[in-house]
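# A look at the structure
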Amino acid sequence: DAKTTQPNSMESNEEEPVHLPCNHSTISGTDYIHWYRQLPSQGPEYVIHGLTSNVNNRMASLAIAEDRKSSTLILHRATLRDAAVYYCILRVGNQFYFGTGTSLTVIP
Amino acid sequence: EPEVTQTPSHQVTQMGQEVILRCVPISNHLYFYWYRQILGQKVEFLVSFYNNEISEKSEIFDDQFSVERPDGSNFTLKIRSTKLEDSAMYFCASTIRLGGSEEYFGPGTRLTVT
């Protein structure tokens, strides 16, 4: 049973903002929301994480819905190097539950 | 920047053989993990390890699997008798604390069972 649901793929034009959605309707109060990305033949790379409040870092922003049942990863200006599979993950206790991810294509 | 390293990058083995996959987590991290990713599928949790013992494991992590931290730096995953369906990328990860902290993943070991 999937704990997170994401679109299989999305496209963005270079230099445009990208909003990657994720649904996690079964989330409980202590579960953290993490986003990682994976380039071909590489391990997952940390992007951002949060619990209740919106978060910003140098890579991205994370917008968390008030009821926490969904979240959106925001890349402010997509570059070609941002093309990857983006995973929305719930951390439940000491386990990461990966979803199937969104494959982001960036169009030059 | 500190990183998690894994060896070998690719391991080919025959069905029924034992394999040991090795990882060197980041030195001040306390929690260690193994994940696997079958080609074209999502990343799946196998096991977490803290304070020299398994803290959680998934149903994938059956009696054929074991983990060990034999010294202060290495973290190993052993598969006792490999099956064809064990072919996958295996990722090691580590983190300094639970909950709201980043997990650092290694580059992975590709295991091919023939």
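Here, every reference points to the structure presented above.
The structure displayed is predicted, hence computed values, not measured ones. (Residues numbered from 1 in each chain as written. Chains lettered and ligands numbered in written order. Predicted model: local features only at pLDDT ≥ 70, side-chain atom pairs only at ≥ 80, totals over all residues. Heavy atoms only, no water.)

## Structural notes on the overall build of chain A
A count of helices and strands for chain A gives 0 helices and 10 strands. When its helices and strands are written in sequence order, chain A yields β-β-β-β-β-β-β-β-β-β. Each principal axis of the C-alpha distribution contributes one length, and for chain A these read about 40 × 30 × 20 Å. For chain A, with 108 residues in total, the buried portion stands at 45%. Considering only residue pairs separated by 6 or more positions, chain A has 53% of its internal contacts joining residues 24 or more positions apart. Within the structure as shown, chain A displays about 5,400 Å² of accessible surface, and the carbon and sulfur contribution to it stands at 48%. Counting 8 positive and 10 negative side-chain charges, chain A places the centres of these two groups 8 Å from one another. (Helix = DSSP H or I, 4+ residues; strand = E, 2+ residues; numbered from the N terminus. Buried < 20%, exposed > 50% of the residue type's maximum accessible area, 1.4 Å probe, protein only. Contact = heavy atoms within 4.5 Å. Areas by Shrake-Rupley, 256 points an atom, 1.4 Å probe, with all protein chains shown as cover. Lys, Arg positive; Asp, Glu negative; His and termini not counted. Charge placed at Lys NZ, Arg CZ, Asp CG, Glu CD.)

## Re the sheet that holds strand 5 (residues 55-56) of chain A
Residues and elements named next belong to chain A. The antiparallel open sheet is built from 4 strands, whose spatial order is 2-7-6-5. Since the sheet does not close on itself, it has two edges, and those belong to strand 2 (18-23) and strand 5, each with one partner. Summarising the sheet, strand 6 (residues 61-64) and strand 7 (residues 70-75) pair through 4 bridges and their orientation is antiparallel. Considered in strand 7, the bridge of S61 is made with I74. (Pairing = 2+ DSSP bridges.)

## Focus: the sheet that holds strand 8 (residues 75-79) of chain B
Residues and elements named next belong to chain B. Taken in spatial order, the 4 strands of this open sheet run 1-3-8-7, and their pairing is antiparallel. Only two strands of the sheet have a single neighbouring strand rather than two, namely strand 1 (5-7) and strand 7 (65-68). On average, adjacent strands in this sheet sit at an angle of 20 degrees to one another, irrespective of strand direction. As paired strands, strand 1 and strand 3 (residues 19-24) are joined by 3 bridges and run antiparallel to one another. Bridge pairing in strand 3 places T5 opposite V24. (Axes fitted to C-alpha atoms, helices over the stretch in contact; angles between N-to-C directions.)

## Digging into the packing of aromatic side chains
All names here are of chain A. For the structure on display, the rule yields 15 aromatic pairs over all chains. With 6.2 Å between their ring centres and 70 degrees between their planes, F96 and F98 make a pair best called edge-to-face. F98 matches F96 in its accessibility class, with the two residues each being buried. Here K3 stacks its cationic end above the ring of Y97, 4.8 Å away from the centre of that ring. (Phe/Tyr/Trp six-rings, centres within 6.5 Å; stacked < 30°, edge-to-face > 60°. Lys NZ or Arg CZ within 6 Å of the ring centre and 35° of its normal.)

## A look at the pairing of strand 8 of chain B
All names here are of chain B. Counting buried residues in strand 8 gives 4 out of 5 residues, a clear majority hidden from the surface. The sheet contact formed by strand 3 and strand 8 spans 5 bridges and is antiparallel. Each residue of the ladder has a partner; that of L21, found in strand 8, is L77. Inspection of the sheet shows strand 7 paired to strand 8 by 4 bridges, in the antiparallel sense. Along strand 8, the bridge assignment pairs F65 with I79.

## A look at the environment of A:M10
One can find A:M10 in strand 1 (residues 9-13). Put simply, A:M10 and A:L90 are 80 residues apart on the chain and 21 Å apart in space, counted from C-alpha to C-alpha.

## A look at the nonpolar core
Judged by nonpolar contacts, the single largest core of 22 residues is most densely connected at B:W34, B:L46, B:F61, B:V67, B:F75, B:L77 and B:Y90. Among the elements of the structure, strand 3, strand 4 (31-37), strand 5 (44-50), strand 7, strand 8, strand 9 (88-95) and strand 11 (109-113) of chain B are those that each provide at least two residues to this core. Beyond its immediate chain neighbours, meaning those up to four positions away, B:F75 contacts B:L21, B:R22, B:C23, B:P25, B:F32, B:Y33, B:W34, B:F49, B:V67, B:E68 and B:C92. Listed in part, the 20 residues of the second largest apolar core include A:V18, A:I48, A:C88 and A:V106. (Core = buried A, V, L, I, M, F, W, Y, C linked by side-chain atoms within 4.5 Å.)

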